[in-house]
Amino acid sequence: MQKIVFMRHSEPDYSFVEERKYIGHGIDLAGLTENGIQIAEKASFDSKLNDAEIIISSPYTRALQTAAIISKNRQLDIKVELGLHEWMPDLSFQYTSKEEAIKATKLCIEYKGVCSDNSEIKFENLEDVFNRAKKALLRYSRYKKIIVVTHGIVIRRFAFQPVIPFCGISEVDFDESFSCTEFQAY
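Residues numbered from 1 in each chain as written. Predicted model: local features only at pLDDT ≥ 70, side-chain atom pairs only at ≥ 80, totals over all residues. Heavy atoms only, no water.

Participant: Hey, could you run me through the pattern of salt bridges in this one?
Facilitator: As a working rule, side chains carrying opposite charge can pair if their charged atoms are close by. The tally for this structure, following the rule as stated, stands at seven salt bridges. With a shortest N-O distance of 3.1 Å, K3 and D173 are connected by a salt bridge. Pair noted here: K3 is in strand β1 (residues 2-8) and D173 is in strand β5 (residues 169-174), with a separation of 170 residues, a long-range link. Accessibility expressed as a relative area gives 28% for K3, which makes it partly exposed. Taking relative accessible area as the criterion, D173 reaches 45% and is therefore assigned partly exposed. In this structure, the salt-bridge partner of R132 is E124, at a minimum N-O distance of 2.8 Å. Judged by relative accessible area, R132 falls into the buried class, the value being 16%. (Salt bridge = Lys/Arg side-chain N within 4 Å of Asp/Glu carboxyl O. Helix = DSSP H or I, 4+ residues; strand = E, 2+ residues; numbered from the N terminus. Buried < 20%, exposed > 50% of the residue type's maximum accessible area, 1.4 Å probe, protein only.)

In structure tokens:
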């Protein structure tokens with residue numbers, strides 16, 4: 001059995017990408033706020049991270065920047081895993097605003113995590129989020145304890161925790177038989 005210490009990324013600053021009118025995955029280029037950097041610095045010394053052997057991170061900037069701070073303070077290597085990326089609110093990758101992502105989130109809640117054929121926005125099913133993340137994490141089963149920096153929606157597929165603050169930590173015992181948590185509203 002492996003110990004996974006999930007940490008949600010720190011507080012993002014979307015002003016840079018909003019000023020440039022980035023859409024779709026361009027929005028995910030947002031880094032951390034100054035406060036977010038301080039939150040990550042403090043969280044990097046949390047005793048729950050002790051004895052971790054490696055950091056696995058989502059490829060999104062807010063997660064990578066959080067992981068880099070932990071790496072610097074813990075002297076741990078970082079591996080980037082595409083399968084740990086954020087839930088996709090629009091599988092066409094054309095959403096242009098937070099409002100559209102919020103609308104997709106409301107639909108996801110309404111449909112209990114399953115995108116129906118008649119949904120006006122085609123969002124990623126939550127079971128698919130779990131399956132891609134689990135597949136990515138199984139590649140690191142040789143480690144006894146890992147830190148995984150990712151997103152709240154991804155973490156909630158593995159740990160029942162209705163509210164996950166920036167740099168919030170959730171610990172799970174993980175192996176190949178691990179199954180998804182039941183649907184939780186955000």
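Participant: Quick question: what am I supposed to make of helix α4 (residues 98-110) here?
Facilitator: Since one α-helical turn is 3.6 residues long, residues separated by three or four positions face the same way. Across its 13 residues, α4 extends 18 Å between first and last C-alpha, which sits within 8% of the 18 Å expected from 1.5 Å per residue. Those residues of α4 lying buried are A101, A104, L107 and C108. Buried residues in α4, looked at end-on, bunch into an arc of 115°, giving them a common side. Pointing more than 90 degrees away from the buried face of α4 are the exposed residues E99, K106 and E110. Against the buried residues of α4 lie α5 (126-138). In the stretch just after α4, K112 is the one whose phi turns positive, near 55°. (Expected span 1.5 Å × (residues − 1). Arc of directions from axis to C-beta. Contact = heavy atoms within 4.5 Å.)

Participant: Help me understand the packing of helix α2 (residues 34-43) against helix α3 (residues 61-74) in this model?
Facilitator: Helix packing geometry: the angle between the two helix axes and the distance between the axes. Where α2 meets α3, the closest approach of the two axes is 9 Å, and the angle between their N-to-C directions is 40°. Put simply, α2 runs oblique to α3. α3 is crossed by α2, and the crossing has right-handed handedness. In this structure, α2 contributes I37, A40 and E41 to the contact, and α3 contributes Q65, T66, I69, K72 and N73. Residues that form the contact of α2 with α3 fall into these classes: three nonpolar, three polar and two charged. (Axes fitted to C-alpha atoms, helices over the stretch in contact; angles between N-to-C directions. Parallel < 35°, antiparallel > 145°, perpendicular 65-115°, else oblique. Left-handed = near helix turned anticlockwise from the far one by under 90°. Nonpolar A, V, L, I, M, F, W, Y, C, P; charged D, E, K, R; others polar.)

Participant: Mind showing me how you'd approach the nonpolar core here?
Facilitator: Inside soluble globular proteins, nonpolar side chains tend to come together where they are buried. The biggest cluster of nonpolar side chains holds 30 residues, and the ones touching the most others in it are I4, F6, W87, L137, I146, V148 and F158. Of all the secondary structure elements, the ones that give two or more residues to this core are β1, β2 (54-57), α4, α5, β4 (145-150), α6 (152-156) and β5. Residue contributions to this core peak at five residues, all from α5. In terms of nonpolar packing, the next biggest core, distinct from the first, is built from 17 residues, L32, A43, I147 and V149 among them. (Core = buried A, V, L, I, M, F, W, Y, C linked by side-chain atoms within 4.5 Å.)

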